[in-house]
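Read off the chains here:
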Amino acid sequence: MFADPAKAPARAMPSIDPALFRQVGRLVTRVHKEEGIKLPPDAVLDEQAEAYNALLARAEDPADAAELHSLLPWLEARLRRKLQTAAAEPGTGKRQA
């Protein structure tokens, strides 16, 4: 779009909403526990970040906190479905150590 990338307007990096990020982390932890899956701490952070990014990608306006909060039930259903599918088809889910 710009012949000289240095002249392109700077794009602001989106910032993480700490309260929403914590809420997503609690959701990830709770769903894994309810599905009988214990994750090591670093894997929890990976799952939390992946879920948070999925939430942002799903939103029409990722800057709209109300929209993001309204999508939490969708995120929970998505995560639960992912875990149940992986449990039903061993070897197709997470990588083996």
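Up top is the structure.
Cut-off values and rules
- Residues numbered from 1 in each chain as written.
- Predicted model: local features only at pLDDT ≥ 70, side-chain atom pairs only at ≥ 80, totals over all residues.
- Heavy atoms only, no water.
- 1 Å grid on protein atoms, 1.4 Å probe; cavity = no way out; pocket = protein on both sides within 12 Å on 5 of 7 lines; lining within 4 Å.
- Points joined across faces, edges and corners; volume = space filled by probe spheres on them.
- Helix = DSSP H or I, 4+ residues; strand = E, 2+ residues; numbered from the N terminus.
- Nonpolar A, V, L, I, M, F, W, Y, C, P; charged D, E, K, R; others polar.
- Axes fitted to C-alpha atoms, helices over the stretch in contact; angles between N-to-C directions.
- Left-handed = near helix turned anticlockwise from the far one by under 90°.
- Contact = heavy atoms within 4.5 Å.
- Salt bridge = Lys/Arg side-chain N within 4 Å of Asp/Glu carboxyl O.
- Buried < 20%, exposed > 50% of the residue type's maximum accessible area, 1.4 Å probe, protein only.

1. Remarks on empty space enclosed by the protein
Here comes step 1: Summed over all chains, the structure comprises 1 cavity of 30 Å³ or more.
Here comes step 2: A volume near 60 Å³ is recorded for the largest cavity.
Here comes step 3: Lining the largest cavity we find Val28, Glu47, Glu50, Ala51, Leu75, Arg78, Leu79 and Lys82.
Here comes step 4: For the lining of the largest cavity, the secondary structure elements donating two or more residues are helix 2 (41–58) and helix 4 (72–88).
Here comes step 5: Per-element accounting of the lining of the largest cavity gives the leading share, 4 residues, to helix 4.
Here comes step 6: Considering only residue class, the lining of the largest cavity consists of 4 nonpolar, no polar and 4 charged.

2. A few points about the packing of helix 1 (residues 18–34) against helix 4
Here comes step 1: Running from N to C, helix 1 and helix 4 point in directions that differ by 35°, and their axes come no closer than 10 Å. Considering only the axes of helix 1 and helix 4, their crossing is right-handed. Across from Leu20, Gln23, Val24, Leu27, Val28, Arg30, Val31, His32 and Glu34 in helix 1, the residues of helix 4 making contact are Leu72, Leu75, Glu76, Leu79, Arg80 and Leu83.
Here comes step 2: Grouping the constituent residues of the contact of helix 1 with helix 4 by class yields 9 nonpolar, 2 polar and 4 charged.

3. Things to note about the pattern of salt bridges
Here comes step 1: Scanning all chains against the criterion turns up 7 salt bridges.
Here comes step 2: Arg80 is the salt-bridge partner of Glu34, the closest N and O atoms lying 2.6 Å from each other. Of the two residues, Glu34 is situated in helix 1 and Arg80 in helix 4; the sequence distance between them amounts to 46 residues.
Here comes step 3: Glu34 gets classed as partly exposed once you look at its relative accessible area, which sits at 47%.
Here comes step 4: Between Arg80 and Glu76 there is a salt bridge whose closest N-O contact spans 2.8 Å. Taken together, the residues Arg80 and Glu76, both in helix 4 and 4 residues apart, mark about one turn of the helix.
Here comes step 5: Each of Arg30, Glu34, Glu35, Glu76 and Arg80 takes part in salt bridges that share partners, so that together they form one network.

Keep in mind that these numbers describe shape and distance, not what the molecule does.
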